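Letter by letter, the chains look like this.
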Amino acid sequence: DAGSSYRFYSPALTEAARARLAMEEALRRGIEQKEFVVFYQPLVSLDDRRIHGLEALLRWMPEAGPMVGP
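Residues numbered from 1 in each chain as written. Predicted model: local features only at pLDDT ≥ 70, side-chain atom pairs only at ≥ 80, totals over all residues. Heavy atoms only, no water.

Caption draft 1: Spotlight on the overall build of the protein chain. If you tally the helices and strands in the protein chain, you get one helix and two strands. Scanning the protein chain from its N terminus toward the C terminus, one meets helices and strands in the order α-β-β. For 70 residues, the compact-globule estimate of 2.2 N^0.38 gives 11 Å, and the protein chain exceeds it by more than 25% at 20 Å. When its C-alpha atoms are laid out on the principal axes, the protein chain stretches across 60 × 35 × 20 Å. For the protein chain, with 70 residues in total, the buried portion stands at 11%. Taking the intrachain contacts of the protein chain between residues at least 6 apart in sequence as the baseline, contacts between residues at least 24 apart amount to 23%. Counting every atom, the protein chain has about 6,600 Å² of accessible surface; 58% of that belongs to carbon and sulfur. (Helix = DSSP H or I, 4+ residues; strand = E, 2+ residues; numbered from the N terminus. Rg over C-alpha atoms; globule rule 2.2 N^0.38 Å. Buried < 20%, exposed > 50% of the residue type's maximum accessible area, 1.4 Å probe, protein only. Contact = heavy atoms within 4.5 Å. Areas by Shrake-Rupley, 256 points an atom, 1.4 Å probe, with all protein chains shown as cover.)

Written out as structure tokens, the structure is:
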């Protein structure tokens, strides 16, 4: 029953919410600014050293900073 529970406020909760909102805003801006780039990475078998496929990796390269890692 939701009415029988309680929660404590913490400044960390507000900070976490602000960080999530800031990231969401930055991602939306990155999409609008076309800051995302696709890199293709081969999948190589260690047994026979042959390429058996590839992965498409989406990377964020914001104009105001270095590439964002996965």
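That was the structure; now back to the text.
Caption draft 2: Representation of helix α1 (residues 11–32). If you check α1, its first and last C-alpha atoms are 32 Å apart, about what 22 residues at 1.5 Å a residue would give, namely 32 Å. The positive-phi residue at the C-terminal boundary of α1 is K34, with phi of around 60°. (Expected span 1.5 Å × (residues − 1).)

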